[in-house]
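What follows is the residue order along each chain.
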Amino acid sequence: MEAFFLPVAHAEGGRFCIHHPPAAGQPARGAMLYLPPFAEEMNKSRRMVAMQARALAQQGHAVLCIDLHGCGDSAGELADASWAGWVADALAGAHWLQARHPGLPLTLWGLRTGALLAGAVAAALPAPSRLLLWQPVTGGKQALQQFLRLQAAADLIDGKQQGAVAALRQQLAQGESVEVAGYRLPAAVAHGLEAATLVPGAQVAGLTWLEVSSRAEPALSPASTLALDKWRASGVPVQSAAVRGPAFWQTVEIEDAPALIAATTAALVAGLPVEAATGVAA
């Protein structure tokens with residue numbers, strides 16, 4: 001494992017990255033770029049991401065985990081970030097990974113809103129790539145609304161007036177940043193996120209879609225099933241499954257979902273149908 005700051009041509013400062021090269025003695029199978037979710041979901045997910053990255057490296061994948069502009073240990077302030085800048089950061093990471101490991105097939109691994117970034121990056125790359133999506137958000141508009149509601153809930157607890165979401169949206173419409181749950185959300189991120197959607201594209205060579213559920217018999221959500229039908233109809237090869245595990249990106253304590261790691265490794269390394277390799281529901 002190596003940690004470094006990746007220079008980016010489109011902005012000052014570097015992007016903090018952790019690179020997990022393929023384990024010694026393993027045949028190189030592919031290159032993978034991890035794209036994180038937003039705000040506290042990114043922090044809550046770090047342990048799971050590190051565990052998965054190490055597992056994939058042990059099986060011959062090169063994995064690059066990147067902190068975007070203003071996030072984590074990267075340079076810059078979140079208030080100065082933009083959605084377009086985050087896409088450019090991710091593209092810089094993809095280019096670095098492909099230069100370091102030439103010839104290996106590229107997979108874009110997105111968690112939650114990171115899935116929206118993965119879709120945008122796939123569309124911008126010159127050659128098709130594969131998508132690995134964990135609990136993907138398919139529409140940025142809903143994700144932004146849910147994020148703004150965090151501040152609205154906090155305001156109500158503090159006895160402040162209703163209409164907090166409308167007030168925050170007004171500030172964003174005026175190009176101002178807003179404070180939500182301890183994060184300074186800039187309008188340039190909010191507007192880009194709100195416009196982002198995850199839809200089938202010609203630049204996607206294959207899709208692995210994995211979710212976790214606390215139910216005794218996990219199953220994909222109805223919305224996910226509908227979305228996956230569209231991907232299949234577009235001709236994209238699809239693997240999908242729901243596995244037993246906690247919503248680790250939002251739990252109060254840091255939690256693990258080992259079944260998700262097993263399903264991911266099976267899908268990307270063993271080349272087996274997820275349900276056949278792990279016994280999970282498809």
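From a predicted model like this one, the values you see are computed outputs, not experimental measurements.

Chemist: Can you walk me through the sheet that holds strand E9 (residues 204–213) in this structure?
Modeler: Through backbone hydrogen bonds, the strands of a sheet pair up, either in parallel or in antiparallel fashion. In spatial order, the strands read E1-E2-E4-E3-E5-E6-E9-E10; together these eight strands make up an open sheet with mixed pairing. The open sheet terminates on both sides in strands that have one partner only, identified here as strand E1 (2–7) and strand E10 (238–244). Geometrically, the sheet is characterised by an average inter-axis angle of 20 degrees between neighbouring strands, direction not taken into account. By the bridge criterion, six bridges tie strand E6 (residues 129–134) to E9 in an arrangement that is parallel. Counterpart to Leu-131 in the pairing with E9 is Leu-207. Where helix H1 (residues 40–58) meets the sheet, it contacts strand E2 (14–20), strand E3 (30–35), strand E4 (61–66), strand E5 (106–111) and E6, and its direction lies at approximately 160 degrees from that of E4. Across the face of the sheet, helix H2 (residues 83–100) comes into contact with E1, E2, E3, E4 and E5 while running at roughly 160 degrees to E3.

Chemist: Just to check I follow, could you spell out helix H5 (residues 164–173) for this structure?
Modeler: Side chains three or four residues apart in an α-helix point the same way, a direct result of the helix having 3.6 residues per turn. Within the sequence span of H5, burial applies to Ala-164, Val-165, Leu-168 and Leu-172. Angular distribution of buried residues about the axis of H5 spans 100 degrees; they occupy a single face of the element. Seen from the buried face of H5, the exposed residues on the opposite side, beyond 90 degrees, are Ala-166 and Ala-173. In the segment just after H5, Gly-175 is the residue with positive phi, at about 85 degrees.

Chemist: How do you make sense of the pattern of salt bridges when you look at a structure like this?
Modeler: Opposite charge on two side chains makes pairing possible when the charged atoms of those side chains draw close. Evaluation of the coordinates by the stated rule reveals eight salt bridges. Salt-bridge contacts for Arg-15 lead to Asp-89; the nearest nitrogen and oxygen are separated by 2.9 Å. Of this pair, Arg-15 sits in strand E2 while Asp-89 sits in helix H2, and the two are 74 residues apart along the sequence. For the pair Arg-15 and Asp-89, one class covers both residues: buried.

Cut-offs used in this document
- Residues numbered from 1 in each chain as written.
- Predicted model: local features only at pLDDT ≥ 70, side-chain atom pairs only at ≥ 80, totals over all residues.
- Heavy atoms only, no water.
- Pairing = 2+ DSSP bridges.
- Helix = DSSP H or I, 4+ residues; strand = E, 2+ residues; numbered from the N terminus.
- Axes fitted to C-alpha atoms, helices over the stretch in contact; angles between N-to-C directions.
- Contact = heavy atoms within 4.5 Å.
- Buried < 20%, exposed > 50% of the residue type's maximum accessible area, 1.4 Å probe, protein only.
- Arc of directions from axis to C-beta.
- Salt bridge = Lys/Arg side-chain N within 4 Å of Asp/Glu carboxyl O.

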